[in-house]
Amino acid sequence: MTERRVRKAVIPAAGLGTRFLPATKAQPKEMLPLVDKPTIQYVVEEAVSAGIEDILIITGRGKRAIEDHFDRATELENWLLSLGKGGQLVKMIQDISRLADIHFVRQKEPRGLGQAILTAKRHVGDEPFAVLLGDMVSNSHVPVIRQLMQEFRHRRRPVIGVTQVPWGEVGRYGIITPGTRRGRSCRITDLVEKPVPEEAPSNLAIAGRYILGPEIFPILEELKPGAGGEIQLTDALRVANQWGSLFALEVKGKIYDVGDKLGFLKATVEMALTRPDLGPEFHSYLTHLLAISSLGKGKGMSAGPIVEEKSQLVK
């Protein structure tokens, strides 16, 4: 694999978002807000904070709002200024359009993650590149994609971010078969897409973050449809692993599957709690709510939606 550093990122965001209907009937799921910021902006900011300069977002029909979000909004800026509400608000809006050199290309039909990645072939060229799934949001001290980039510089081979999930949930993810481990890193022996728990080789789930090389594109071009009749990236990685070693890194931090309703709610609550302007008051509210809920439970009343954390990969 090339010695060049990772400069480009690909963010697949062409999914239909059927799990969030009717909210996604007329807006992309990637534009649903976590507190006051669309989910895809968190993903873009993760890539930028890792030093990535060039980002390609794979969109589809009905996803124009994503492009508009990362474009200038001069009418809105001028309106805010005319009301004397400029300053920080206008700067915040302008900063979104200056995050990185962001490009867009459409996946013309939803044929799976592998086909979405193949759409990026011309833009990526012969360079290594990062992949960040648009419906997976991370929360970590060191950006998750940066952790993988650091491992890539050491290994000079493709690296996949993984995290442990409960055994009962392995059927929702791509799962790796780990080889000998060194700390948080290991050689990947095999990969399987959404196995039944009884046949899963481990509970190490692919966490929606990858560093790949251009050699993945010829594999995707020849790959036949897999699970769900789609071109699966996991299947392409299995083939690539036969040609040369793939490595996995168990990432530090949390990954939220915000394409899932419960994962979205958990991400919203935890992101809000980290906000200096919202966290203390929101924490007090949740404490009060839990106290009332516990009291009601003791009296035989409904306890309300108390959610217990089960894994790092929050769904």
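A short tour of the structure in this document, coming up. (Residues numbered from 1 in each chain as written. Predicted model: local features only at pLDDT ≥ 70, side-chain atom pairs only at ≥ 80, totals over all residues. Heavy atoms only, no water.)

### Focus on helix α1 (residues 39-49)
So, step 1. Summarising burial for α1: eight of the eleven residues are buried, a large majority.
So, step 2. Every buried residue of α1 is accounted for by Thr39, Ile40, Gln41, Tyr42, Val43, Val44, Glu46 and Ala47.
So, step 3. Among the residues trailing α1, glycine 51 stands out with phi positive, at a value near 95°. (Buried < 20%, exposed > 50% of the residue type's maximum accessible area, 1.4 Å probe, protein only. Helix = DSSP H or I, 4+ residues; strand = E, 2+ residues; numbered from the N terminus.)

### A word on empty space enclosed by the protein
So, step 1. Scanning the entire structure with this criterion turns up one cavity of 30 Å³ or more.
So, step 2. A volume near 40 Å³ is recorded for the largest cavity.
So, step 3. If you go around the largest cavity, the residues you meet are Pro158, Leu212, Gly213, Glu215, Ile216, Leu237, Ala240 and Leu246.
So, step 4. Here the residues of the lining of the largest cavity sort into six nonpolar, one polar and one charged. (1 Å grid on protein atoms, 1.4 Å probe; cavity = no way out; pocket = protein on both sides within 12 Å on 5 of 7 lines; lining within 4 Å. Points joined across faces, edges and corners; volume = space filled by probe spheres on them. Nonpolar A, V, L, I, M, F, W, Y, C, P; charged D, E, K, R; others polar.)

### Some words on a nonpolar patch on the surface
So, step 1. Taken together, the side chains of Leu76, Trp79 and Leu83 make up a nonpolar region of the molecular surface, amounting to roughly 300 Å² of accessible area.
So, step 2. With respect to the secondary-structure elements, tryptophan 79 resides in helix α3 (residues 74-82).
So, step 3. The partly exposed category is assigned to tryptophan 79, whose relative accessible area is 49%. (Patch = residues over 30% accessible without salt bridge, like charges linked within 9 Å, V, L, I, M, F, W, Y side chains within 5 Å. Areas by Shrake-Rupley, 256 points an atom, 1.4 Å probe, with all protein chains shown as cover. Salt bridge = Lys/Arg side-chain N within 4 Å of Asp/Glu carboxyl O.)

### Digging into the nonpolar core
One broad trend across soluble globular proteins is that nonpolar side chains are buried collectively.
So, step 1. Counting residues in each nonpolar core, the largest one holds 74 residues, and the members touching the most others are Ile55 and Ile57.
So, step 2. It is strand β11 (residues 204-212) that contributes the most residues to this core, six residues altogether.
So, step 3. Discounting chain neighbours no more than four positions away, the residues touching isoleucine 55 are Ala9, Ile11, Val44, Ala47, Val48, Ala100, Asp101, Ile102 and His103.
So, step 4. Among the nonpolar cores identified, the runner-up in size contains six residues, and Val165, Val170, Tyr173 and Ile175 belong to it. (Core = buried A, V, L, I, M, F, W, Y, C linked by side-chain atoms within 4.5 Å. Contact = heavy atoms within 4.5 Å.)

### Describing the layout of surface pockets
Unfilled space is identified by rolling a water-sized probe across the atoms.
So, step 1. Volume-wise, the largest pocket comes out at about 1,100 Å³.
So, step 2. As for the largest pocket, its lining consists of 39 residues, of which Arg19, Lys29, Leu113, Asp135 and Lys194 are closest to the centre.
So, step 3. Elements represented by at least two residues in the lining of the largest pocket include exactly α5 (113-118), β11 and α9 (233-243).
So, step 4. Among the elements that line the lining of the largest pocket, the one with the most residues is β11, at four residues.

### Topic: helix α4 (residues 88-97)
So, step 1. Every buried residue of α4 is accounted for by Val90, Ile93, Gln94 and Ile96. Taken end-on, α4 shows its buried residues confined to a sector of 150°, consistent with a single buried face.
So, step 2. On its buried face, α4 is in contact with α1, α2 (64-69) and α3. (Arc of directions from axis to C-beta.)

### Some points on the pairing of strand β12 (residues 247-250)
Sheet faces and side chains relate simply in a regular strand, where the side chains alternate between the two faces.
So, step 1. Side chains of β12 alternate between two faces, with Phe247 and Leu249 and Ala248 and Glu250 buried alike.
So, step 2. In this sheet, β12 lies alongside strand β8 (residues 159-164) in parallel orientation, the contact comprising four bridges. Paired with isoleucine 160 across the bridge in β12 is alanine 248.
So, step 3. Pairing geometry for strand β10 (residues 185-193) and β12, over three bridges, is antiparallel. Within β12, the position partnered with cysteine 186 by the bridge is alanine 248. (Pairing = 2+ DSSP bridges.)

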